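An overview of the molecular structure
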Amino acid sequence: MLVMTSIKAPSIVILTGAGISAESGIQTFRASDGLWHNHRIEEVATPEGFAQNPSLVHEFYNARRKQLHDPAIQPNAAHLALARLERNYPGKVLLVTQNVDNLHERAGSKQLIHMHGELNKIHCQQTGQVYNWDRDLSTTSTCQCCHQAGNLRPHIVWFGEMPLQMEEIYRALMACGLFISIGTSGQVYPAAGFVQIAQQAGARTVELNLDPTSNSAMFDESLNGTASQLVPSYVDQLLS
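A few points on the structure. (Residues numbered from 1 in each chain as written. Predicted model: local features only at pLDDT ≥ 70, side-chain atom pairs only at ≥ 80, totals over all residues. Heavy atoms only, no water.)

Looking now at the sheet that holds strand β7 (residues 178–182). Reading across the sheet, the six strands line up as β3-β2-β1-β7-β8-β9 and stay open at both edges, with parallel pairing between neighbours. The strands lining the two open edges of the sheet, one partner per strand, are β3 (112–114) and β9 (221–224). If you compare each strand with its neighbour and ignore which way they point, the axes differ by 15° on average. Examined bridge by bridge, strand β2 (residues 93–97) and β3 share three bridges and lie parallel to one another. Bridge assignment links Val96 to a residue of β3, and that residue is Ile113. Each of β1 (12–16), β2 and β7 touches helix α5 (residues 77–88); the most contacted strand, β1, lies at about 165° to it. (Pairing = 2+ DSSP bridges. Helix = DSSP H or I, 4+ residues; strand = E, 2+ residues; numbered from the N terminus. Axes fitted to C-alpha atoms, helices over the stretch in contact; angles between N-to-C directions. Contact = heavy atoms within 4.5 Å.)

Okay, structure coming up:
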């Protein structure tokens, strides 16, 4: 368990993956019935796929965006617990998520980095300008900055692209006293390497995941179970 002094509470960096949103009804990438089931990765999750068939890619992400508007999709106990930790912990808490949904925001998290982008945002390929977007996007949608159709794309980091805000994430990892990984397989880099960076900085490392992962042995502590059970309990310990 993390030990806090009366002088200054160690900063915390938390990485979340698909496992935390699965309990809210968001289908995961690696599940056998996952939302990529009927599409090859190359078709809908690469710059090349978008260049070849932008209409298909827009259709795919429009469907994912609509899912977020389903009243049945709500933040679960794990999302709410992390927002409570941010509000009540006496030190810094940075939440880094691989998820592109908005459940952390809806739960109340403020200090948040979406390293793989966001479904509810788009950007212009010409200028890089990012816009909030909660409706369908198509090849005929006109960009606000360049005033041209066809320049807009989902604000999603595709395979072969660099995740967002990596410098800020690395700075936080190298300064943290506790790193927690929640609901992620630990197989995809650069996120899979976060535990090593935190350990090199002297941080305690904790994994909370449904099942053991290939990275489990690297953590100081690894607990298995559902995020909605593990995370609130662990947050209670941190705040007690």
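Time to look at the nonpolar core. Grouped together as the largest cluster of nonpolar side chains are 23 residues, with contacts concentrated most on Ile12, Ile14, Ile180, Ile182 and Val231. Looking at this core, the elements with two or more residues in it are β1, α5, β2, β7, β8 (204–209) and α9 (227–239). Among the elements that take part in this core, α9 stands out by supplying six residues, more than any other. (Core = buried A, V, L, I, M, F, W, Y, C linked by side-chain atoms within 4.5 Å. Buried < 20%, exposed > 50% of the residue type's maximum accessible area, 1.4 Å probe, protein only.)

This part is about the packing of aromatic side chains. The tally for this structure, following the rule as stated, stands at five aromatic pairs. Pairing Tyr61 with Trp158 gives two aromatic rings, centres 6.3 Å apart and planes at 40°, and the pair type is tilted. In this pair, Tyr61 is assigned in helix α4 (residues 54–68) and Trp158 in the loop between β6 (152–156) and α7 (166–175), connecting sequence segments 97 residues apart. With relative accessibility at 2%, the residue Trp158 sits in the buried group. An angle of 85° between the planes, with centres 6.2 Å apart, marks the rings of Tyr170 and Phe194 as edge-to-face. On the criterion of sequence distance, the pair formed by Tyr170 in helix α7 and Phe194 in helix α8 (residues 194–200) is long-range, its members being 24 residues apart. Cluster of aromatic residues (ring-pair linked, three or more members): Phe50, Phe60, Tyr61 and Trp158. The ring of Phe60 has Arg64 sitting right over it, with the charged end atom 4.8 Å from the ring centre. (Phe/Tyr/Trp six-rings, centres within 6.5 Å; stacked < 30°, edge-to-face > 60°. Lys NZ or Arg CZ within 6 Å of the ring centre and 35° of its normal.)

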